[in-house]
Amino acid sequence: MANLKSLAKDTAIYGLSSIVGRFLNYLLVPLYTHYMPKSSGDYGVSTNIYAYTALILVLLTFGMETTLFRFANDERQKPDTVFSTVMAVVGSLTLVFLLIIFGFIDPISNSLGYAEHPEYLLMMAVVVALDALQAIPFSYLRYQKRPIRFASLKMLFIALNIGLNVIYFVWLGKTSVFYVFFINLLCTGLITFFFIPDLFRVHWHFDGQLLKQMLSYSWPILILGIAGILNQVADKILFPLVYPDETDANVQLGVYGSCVKIAMIMAMITQAFRYAYEPIVFAKSKDADKTEYYASAMKYFLIFTLLAFLCVVGWMPLLQYIIGEDYREGLGVVPIVMVAEIMMGVYFNLSFWYKLIDKTIYGAWFSLAGCTVLFAVNILFIPRYGYWACAWGGVAGYGTAMVLSYIVGQYKNPIPYPIKDICIYVLFTAIITTLMLTYALDLPTWAMLAHNTVLIALFVVYIIRRDLPLKNIPVIGCFFRK
């Protein structure tokens, strides 16, 4: 229970930078969708290029974030040496990447459809390079259990980004997508300087023998990461290439990309949970009660993601105002995308069985299988169903990887997940969602919100009565203990 409380505390702190930060970033969505008209396709361009940068970031970090945790927790290794060696790998890859981009920018921009705007790619190349370099110090902060510093730097970036966007778009009237990328470059560059004091405190030492062990461990994680990120961004990369109307592709992608922002509450929760959970898992791998802990963590992760799902679906009449009116035609994909994100979170929880026994190749195969399914759904159905195929492709891809990981994991390294309890929660969620999306749709907005809030409250009551008694909740619990 102590470890679960520690997990909850750290998740809350990391969530401050992830959930609150991204919520503040939602302020940019109405800003962009108001000042960048749907017909311009600029928001679609932003969605497309950020999808590419997400994929490149995985390539440049080379699975070294997880690798750092694995080897820094090895009693035979010095954490600073592990950090130094990891930074050498990521730094070298980043340098090569920048040389390629700047050396071959014309053919690259032509092939991606940005021949008239190579500056978009150049700016975002520098951004993703700096993000890759920052990823390792951020991971080291997590290893050192310094969530406050981690969160403060993340929040500083968000504050700067929002502030500059408001200045440029509202005050200065600079409404081109160029300024979206330019502001990101400014903010990322500034945050990089804040890591200089931390880097000076490190005792730098490169270990070639350690590097060989790291690469053996990390390359399957790289494949896993590539497949995983493709599951998240392949639809946004493929859409302009597959959609039959080239002139309308960025417009439709802008609609899809803006609506997906609402669904990203699931990605925020999963990311916050991951930041706190990953270091604890590796540290707890030697404990006798580890399997029970992993099973409990999975259950509580699902409980709270399902609650978040219901809140988003139930309060959609209010949340829809996050995006501009012209973009709201795609709101129907939001619940579908959230289901895919929940599956991704479950898959992340299931992934530790092979990471802990150094069999990360299994994760690579599972993710590749899911990615193959996602690619197939998108390529086959985008021409006919547009961005709806993107949403269902995510469910199919993550669902495939999740099921494969569970089946093989229970055979190779069984963990007693409370499947019955999980199924009950999923069924209860499905019933409430059906009531929200059918009966409540005919009600006035205020009545719809009241109806849905009552249903959400019933779900909360069920959680409290079954799995989270009020007396066990910090602060609140003191009023319910005898």
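Before any of the text, the structure's been laid out above.
Keep in mind it's a predicted model, so treat the numbers as computed, not measured.

Quick notes on the side chain of T33
Next, step 1: Relative to the elements of secondary structure, T33 occurs in helix α2 (residues 28–35).
Next, step 2: In contact with T33, not counting residues within four places along its chain, are S258, I323, G324 and Y327.

So, the packing of helix α8 (residues 147–171) against helix α9 (residues 177–193)
A pair of packed helices is characterised by two quantities: the angle between their axes and the separation of those axes.
Next, step 1: Between α8 and α9, whose axes approach to 9 Å, the crossing angle comes to 145°. Seen from above, α8 lies across α9 with right-handed handedness. Contact with α8, carried on its side by L153, L156, F157, L160, N161, L164, N165, Y168 and F169, involves Y179, V180, F182, I183, N184, L186, C187, T188, L190 and I191 of α9 and no other residues of that element.
Next, step 2: In terms of residue class, the contact of α8 with α9 is built from 15 nonpolar, four polar and no charged.

Considering the environment of M264
Next, step 1: You can see M264 is positioned in the loop between α12 (246–263) and α13 (265–284).
Next, step 2: Assessed through its relative accessible area of 17%, M264 is described here as buried.
Next, step 3: Each C-alpha atom of the pair M264 and E341 lies 7.9 Å from the other, and the pair is 77 residues apart in sequence.

Some thoughts on unusual backbone geometry
Next, step 1: The backbone of F62 shows a phi angle near 55°, a positive value even though the residue is not glycine.
Next, step 2: Summarising the element assignment, F62 is placed in the loop between α3 (42–61) and α4 (64–72).

Details of the environment of I49
Next, step 1: Tracing the backbone shows I49 in helix α3.
Next, step 2: In the structure, I49 is positioned 187 residues away from K236 in sequence and 8.8 Å away in space, judged by C-alpha atoms.
Next, step 3: When neighbours within four sequence positions are excluded, I49 is seen to be in contact with Y114, Y120, L121, M124 and F181.

So, the packing of helix α7 (residues 118–143) against α8
Next, step 1: Closest axis-to-axis distance for the α7/α8 pair is 8 Å, and the angle between their directions is 145°. Of α8, the residues touching α7 (which contributes F138, L141 and R142) are R149, F150, L153 and K154.

Here's the deal with the pattern of salt bridges
Next, step 1: Under the defined criterion, the tally for this structure stands at three salt bridges.
Next, step 2: A salt bridge links D235 to K236, with the shortest nitrogen-to-oxygen separation between them at 3.3 Å.
Next, step 3: Residue D235 is classed as buried on the basis of its relative accessible area of 4%.
Next, step 4: Under the relative-accessibility criterion, K236 is labelled buried at 13%.
Next, step 5: The salt bridge involving R466 is made with D421; its shortest N-O contact spans 2.6 Å. Taken as a pair, R466 in helix α21 (residues 445–466) and D421 in helix α20 (residues 419–437) lie far apart in primary sequence, 45 residues in all.
Next, step 6: On the basis of relative accessibility, which here comes to 17%, the residue D421 falls in the buried class.

Details of the nonpolar core
Next, step 1: The biggest cluster of nonpolar side chains holds 134 residues, and the ones touching the most others in it are L68, V334 and M338.
Next, step 2: In contact with M338, not counting residues within four places along its chain, are A263, I265, M266, F309, V312 and V313.
Next, step 3: Formed by six residues, the second largest nonpolar core is a distinct cluster that contains F138, L141, I191 and F195.

Here we look at the environment of T433
Next, step 1: Note that T433 resides in helix α20.
Next, step 2: Looking at T433, the relative accessible area reads 10%, which means it is buried.
Next, step 3: Here the alpha-carbon distance between T433 and V313, two residues 120 residues apart in the chain, equals 7.3 Å.
Next, step 4: In contact with T433, other than residues within four places in its own chain, are F309, L310 and V313.

Conventions and cut-offs
- The residue numbers shown here count from 1 along each chain, following its written sequence.
- Residues qualify for local features only when their pLDDT is at least 70, as the model is predicted, and side-chain atom pairs are given and counted only at 80 or more; totals for whole chains, interfaces and linings, by contrast, use all residues.
- Only heavy atoms go into the side-chain values, all of them from the structure, while hydrogens and water stay out.
- For the purposes of this entry, the term helix denotes a DSSP run of H or I that reaches at least four residues, the term strand denotes a run of E that reaches at least two, and both are numbered from the N terminus.
- Note on contacts: a residue pair qualifies if any of its non-hydrogen atoms lie within 4.5 Å across the two residues.
- To obtain an axis, a line is fitted to C-alpha atoms, over the contacting stretch when the element is a helix, and the angle between two such axes runs from 0 to 180 degrees between their N-to-C directions.
- Each crossing gets its handedness from the near helix: less than a right angle anticlockwise from the far helix is left-handed, clockwise is right-handed.
- Only Asp, Glu, Lys and Arg are considered charged, only Ala, Val, Leu, Ile, Met, Phe, Trp, Tyr, Cys and Pro nonpolar, and every remaining residue, Gly among them, polar.
- Partly exposed residues are those whose accessible area sits between 20% and 50% of the maximum for their type, while under 20% is buried and over 50% is exposed, using a 1.4 Å probe and protein chains only.
- Salt bridge, as applied in this entry: a Lys or Arg side-chain nitrogen positioned within 4 Å of an Asp or Glu carboxyl oxygen.
- Take the buried residues of types Ala, Val, Leu, Ile, Met, Phe, Trp, Tyr and Cys, join any two whose side-chain atoms come within 4.5 Å, and each joined set is a nonpolar core.

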